[in-house]
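# Descriptive analysis of the structure
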Amino acid sequence: MIIMNTDATEEQINRVVEEIKKYGLRAEISRGAFRTIIGLIGDERKADIERLGGLPGVKETRMIETPYKLISREYNKASGPGEECAVIKVGDVEIGGDEPIYISGPCAVESREQVFRIAEGVKMAGAHILRGGVFKPRSSAHSWQGLGAESGDLAIEALTWLREAGDRYEMPVVTEVRGESQVDLIAEYVDILQIGSRNMYNQDLLVKAAQKGKPILYKRHFGAGAEEFLSFAEYIASEGNKNIILCERGIVPVGKGKSFTRYTLDLGVVPAIQKETYLPIIVDPSHAAGRRDLIFSMSCAGIAAGACGLMIEAHYNPSEALVDASQLITPEELKEIITVCQQIHKATRARANART
Ligand code: PEP
Ligand code: MN
């Protein structure tokens with residue numbers, strides 16, 4: 001929809017109409033008492049909307065159609081997934097099913113012994129999926145970048161340890177693909193490819209990862225709006241891969257002074273996004289809070305908000321971890337969280353069912 005300025009001339013209106021026609025689209029003009037609005041009829045992808053928005057006499061353009069048709073409930077009601085939450089099956093684990101799933105493990109894979117010991121601990125705590133970073137996105141170029149950045153075969157070794165620990169403790173595994181060049185290698189070892197917050201907007205990476213056909217754990221950028229998040233998830237779906245697990249991990253805090261958390265966990269987005277898309281959404285309280293003393297309450301809040309699961313970083317000795325030590329919890333603490341979250345899930349699911 002093209003909204004003209006109140007003082008737009010006939011010539012300017014005609015010019016917009018002509019430009020719309022050049023894209024092979026139809027223009028429908030509505031003349032109001034104060035201004036004219038021109039509707040674009042047809043496949044809007046054929047038009048350069050930004051260019052139309054810059055024509056003389058144009059005030060603004062507005063999209064009426066959703067930019068995330070493939071993953072929206074609205075457009076998929078007839079074909080099935082629109083009504084329910086899509087269930088993504090990874091091995092025996094169902095994400096988006098009746099029960100929340102818990103993804104846990106170290107922030108970064110550091111050694112074979114470390115990943116096996118943590119895998120055993122989180123499995124006993126009730127986790128379903130094992131995580132562990134090999135190629136770490138870091139805020140400083142001077143920080144350790146994970147085993148993936150070390151010379152020799154350490155990336156392959158770290159991926160192998162993660163795979164073997166997952167197999168040993170019967171958990172599918174997930175790790176982050178930080179760049180396109182890592183996709184082929186990582187896809188050989190893991191069940192789920194994680195696209196990190198910083199890469200939410202990386203179209204080429206989204207496409208390349210999607211083409212592997214494996215489920216994608218897709219994290220919201222800390223500065224992205226919810227609609228933008230879904231619009232970019234559409235790049236994955238456009239490759240024919242609708243096995244997308246959305247993840248809310250906190251957005252940039254606002255205001256002056258200390259915010260006391262690393263990011264602001266946007267919990268309202270969980271039930272709101274579930275109304276828009278049939279894709280499951282999970283919550284990552286670890287990266288949102290950035291501190292271990294808040295993980296329990298933020299986990300409970302995530303499940304109460306209706307998340308399909310949680311991703312929580314854990315370590316048997318948090319203070320010795322090379323990355324994100326301040327937010328890691330022990331497997332024992334994870335167990336307590338899962339126990340309480342299961343009770344919350346029972347209570348809130350009953351409430352949600354009663355409402356519908
Ligand atoms: C992670 O999950 O390892 C991670 C780095 O998270 P984020 O991309 O949300 O910062
Ligand atoms: Mn981390």
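So, a few notes on the structure that sits alongside this text. The structure presented is a predicted model; accordingly, all values stated were derived computationally and were not measured. (Residues numbered from 1 in each chain as written. Chains lettered and ligands numbered in written order. Predicted model: local features only at pLDDT ≥ 70, side-chain atom pairs only at ≥ 80, totals over all residues. Heavy atoms only, no water.)

Here we take up the overall build of the protein. Across its full length, the protein carries 12 helices and 14 strands. Here the analysis covers contacts within the protein between residues at least 6 apart in sequence; of these, 66% occur between residues at least 24 apart. With an accessible surface of roughly 16,600 Å², the protein has 49% of that area assigned to carbon and sulfur atoms. Between the mean site of the 43 positive side-chain charges and the mean site of the 49 negative ones, the protein shows a separation of 4 Å. (Helix = DSSP H or I, 4+ residues; strand = E, 2+ residues; numbered from the N terminus. Contact = heavy atoms within 4.5 Å. Areas by Shrake-Rupley, 256 points an atom, 1.4 Å probe, with all protein chains shown as cover. Lys, Arg positive; Asp, Glu negative; His and termini not counted. Charge placed at Lys NZ, Arg CZ, Asp CG, Glu CD.)

We now examine the coordination of the manganese ion (ligand 2). Distances from the manganese ion (ligand 2) to its protein donors, Cys 107 (SG), His 287 (NE2), Glu 313 (OE) and Asp 324 (OD), fall at 2.0 to 2.3 Å. Mapped onto the sequence, the residues coordinating the manganese ion (ligand 2) show the spacing C-x179-H-x25-E-x10-D. One end of the pair, His 287, is in helix α10 (residues 285-289); the other, Glu 313, is in strand β14 (residues 309-313), and 26 residues separate them in sequence. Overall, the relative accessible area of 1% leaves Glu 313 in the buried class. (Donors = N, O, S within 2.8 Å, 3.2 Å for Na, K, Ca; no water. Buried < 20%, exposed > 50% of the residue type's maximum accessible area, 1.4 Å probe, protein only.)

This part takes up the site of ligand 1. In the vicinity of ligand 1, the contacting residues are Arg 131, Lys 136, Pro 137, Glu 176, Gln 194, Gly 196, Ser 197, Arg 198, Lys 219, Arg 249, His 287 and Met 311. Contact between ligand 1 and Lys 136: an oxygen atom at 2.9 Å from a side-chain N or O atom of the residue. Ser 197 is positioned with one of its backbone polar atoms (N or O) 2.8 Å from an oxygen atom of ligand 1. Contact with the protein chains removes 96% of the 290 Å² of surface that ligand 1 exposes when unbound. Within the shell around ligand 1, the residues separate by chemical class into two nonpolar, four polar and six charged. (Near = heavy atom within 4 Å. Polar contact = N/O pair within 3.5 Å; in protein donor to acceptor, adjacent residues only side chain to side chain. Nonpolar A, V, L, I, M, F, W, Y, C, P; charged D, E, K, R; others polar.)

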